[in-house]
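Each chain, written out:
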Amino acid sequence: MALEQVSANKCFGGTQFVYRHDSHETGTSMRFGAYLPPQAQAGKVPVLYWLSGLTCTEENFIVKAGAQRVAAELGVAIIAPDTSPRGLGYPGEDDSYDFGTGAGFYLDATEAPWSGGYRMYSYVAEELPALVADELPVDPARCGILGHSMGGHGALTIALKNPQRFRSVSAFSPIVAPMHVPWGQKALGGYLGPDRESWKAYDTTELVRSRGWKGPPLLVEQGDADQFLADGLRPELLEQACRDAGVPLTLNMREGYDHSYFFIATFIADHLRYHAAHLQTAG
């Protein structure tokens, strides 16, 4: 088996696993959480990929989101990978919270030295789903993706570029226009270089306009008390892009909620039910 089991805990009739494996995309050992609901004991189940935000590992979602109870009820597996390679030893890798370790931004870097292992786009879009489909009782034809902040950016951009793999997509507090906010400009410039044309491949607003989306409405949850709302997230730019492209969008602005996992835990059940409703049958 390609997966090494790190831990296993019974949870709402299913099991919360953590696995480790060697990744050819990142050149490192990668970890991911895998919640398998009780229904997985009888056959393959739909699968959701959760992408976490800056500074996070696979553990944040597993421990803080409270998703397992509803996943067990719905019969949906949840895969939660780490946010970036760890331990590559690149100069500057650990200098800041928003670039390098814990800040892979779900892209394939083209600038040295990052291009050697910072390939989280290919890891999430290709390598990890193939591994999970081979090793775990999930149905790759019934697959969705969601995430938070940097992970919301990852979920949206990966789904828009891979609609054949991800049938539904949602996000909490996503960075929807990284080309236009400091977080994104730092990451895209550092990983991809100064040519802003290359940045468009990892900007949700640009992808909505250039590629559209034929799946169910994009679902975005956003707190109006989020401390990063004005300078880092800019959901109004996604609204405008969706209007321009005729892409359906459900944007829920939640009064008084911030950027934390308390916000995620409050509305995660809604998102799991949204995905499950669109993944009931094989594509």
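In case you missed it, the structure is sitting above this.
Starting from 1, residues in each chain are numbered consecutively following that chain's sequence as written. For this predicted model, a pLDDT threshold of at least 70 governs which residues receive local features, and a threshold of 80 or more governs which side-chain atom pairs are given and counted, while totals over whole chains, interfaces and linings are taken from all residues. Calculation of side-chain values draws on the structure's entire complement of heavy atoms; hydrogens and water are dropped beforehand.

Enquirer: How should the overall build of the chain be read in this particular structure?
Expert: Only DSSP runs of H or I reaching four residues or more are called helices, and only runs of E reaching two or more are called strands; each is numbered from the N terminus. Of the regular secondary structure elements, the chain holds ten helices and nine strands. Both definitions apply: the radius of gyration is a C-alpha atom measure, and the globule rule equals 2.2 Å times residues to the power 0.38. Relative to a compact globule of 283 residues, whose C-alpha radius of gyration would be 19 Å, the chain shows 17 Å and is just as compact. The dimensions of the chain, computed from C-alpha atoms along their principal axes, are 50 × 40 × 35 Å. Throughout this description, buried means an accessible area under 20% of the type-specific maximum (1.4 Å probe, protein chains only), exposed means over 50%, and partly exposed covers the range between. The buried share of the chain, reckoned over its 283 residues, is 57%. Sequence-distant contacts, at least 24 apart, represent 73% of the contacts inside the chain between residues at least 6 apart. The accessible surface values rely on the Shrake-Rupley method and a 1.4 Å probe; as for residues, cover is taken only from the protein chains in view. Just so you have it, the chain exposes about 10,900 Å², and 50% of that area is on carbon and sulfur atoms. In this tally, Lys and Arg are treated as positive and Asp and Glu as negative; His is ignored, and so are the chain termini. For the purpose of locating charges, the reference atoms are NZ of Lys, CZ of Arg, CG of Asp and CD of Glu. Between the mean site of the 22 positive side-chain charges and the mean site of the 32 negative ones, the chain shows a separation of 6 Å. The criterion used for residue contact is that any of the two residues' heavy atoms lie within 4.5 Å.

Enquirer: Explain the packing of aromatic side chains to me, please; I cannot follow it from the model alone.
Expert: Only rings of Phe, Tyr and Trp enter the pairing, Trp through its six-membered ring, and a pair is recorded when the two centres are within 6.5 Å. The plane angle decides the type: under 30 degrees is stacked, over 60 is edge-to-face, the rest tilted. Going through the model one piece at a time under the given rule, you end up with 18 aromatic pairs. Judged by centre distance (5.7 Å) and plane angle (40°), the rings of Y19 and F32 are tilted. In this pair, Y19 sits in strand β2 (residues 14-22) while F32 sits in strand β3 (residues 29-36), placing the two residues 13 residues apart along the sequence. With a relative accessible area of 5%, Y19 lands in the buried category. Centre to centre, the rings of F172 and F263 are 5.8 Å apart; their planes meet at 80°, and the pair counts as edge-to-face.

Enquirer: What is the right way to read the nonpolar core from this model?
Expert: It is characteristic of soluble globular proteins that their nonpolar side chains tend to be buried jointly. In this structure, F32, I145 and Y191 are the most contacted members of the largest nonpolar core, which totals 67 residues. Leaving out residues up to four positions away in the same chain, I145 has contacts with L48, Y49, L51, V124, A155, I158, A159, F166, S168, V169, S170 and H275. Buried Ala, Val, Leu, Ile, Met, Phe, Trp, Tyr and Cys residues that are joined via side-chain atoms within 4.5 Å together make up what is termed a nonpolar core.

Enquirer: Got a minute to help me understand the side chain of Q16 in this structure?
Expert: Secondary-structure assignment places Q16 in strand β2. A polar atom in the side chain of Q16 sits 3.0 Å from the side chain of Q68. In contact with Q16, other than residues within four places in its own chain, are S7, A8, N9, G33, A34, Y35, I62 and Q68. Here a polar contact is recorded for every N or O atom pair within 3.5 Å, except that within protein the pair must consist of a potential hydrogen donor and a potential acceptor, and residues adjacent in sequence are included only if both atoms are side-chain atoms.

Enquirer: I keep staring at the pattern of salt bridges and nothing clicks. Help me out?
Expert: Where charged atoms of side chains with opposite charge meet at close range, the side chains can pair. Whenever Lys or Arg places a side-chain nitrogen within 4 Å of a carboxyl oxygen from Asp or Glu, that contact is recorded as a salt bridge. The final tally for this structure, using the stated rule, is 13 salt bridges. As a salt-bridge pair, R273 and E73 come within 3.2 Å of each other at their nearest N and O atoms. Of this pair, R273 sits in helix α10 (residues 261-278) while E73 sits in helix α2 (residues 68-74), placing them 200 residues apart in sequence. Taking the shortest distance from any N to any O, the salt bridge between K186 and D98 comes out at 2.7 Å. Taken together, the positions of K186 in helix α5 (residues 182-192) and D98 in the loop between β5 (77-81) and α3 (120-135) put the pair 88 residues apart, joining distant regions of the chain. A network of salt bridges, in which partner residues are shared, links E25, D108 and R119.

Enquirer: Sorry if this is basic, but what is going on with the environment of A159 here?
Expert: Turning to its location among the elements, A159 is positioned in helix α4 (residues 150-161). Overall, the relative accessible area of 0% leaves A159 in the buried class. Taking C-alpha positions, A159 is 8.5 Å from A125, a pair spaced 34 residues apart along the chain. Setting aside chain neighbours within four positions, we find A159 in contact with I145, F166, V169 and W213.

Enquirer: Can you help me understand the side chain of H271 in this one?
Expert: Within the secondary structure, H271 sits in helix α10. Residue classification places H271 among the buried residues on the basis of a relative accessible area of 0%. At 2.9 Å, the side chain of H271 and the side chain of S170 are in polar contact. In this structure the side chain of H271 is engaged in a polar contact, spanning 2.6 Å, whose partner is the side chain of E221. Those residues in contact with H271, other than ones at most four positions away along the chain, are L146, S170, A171, F172, L219 and E221.

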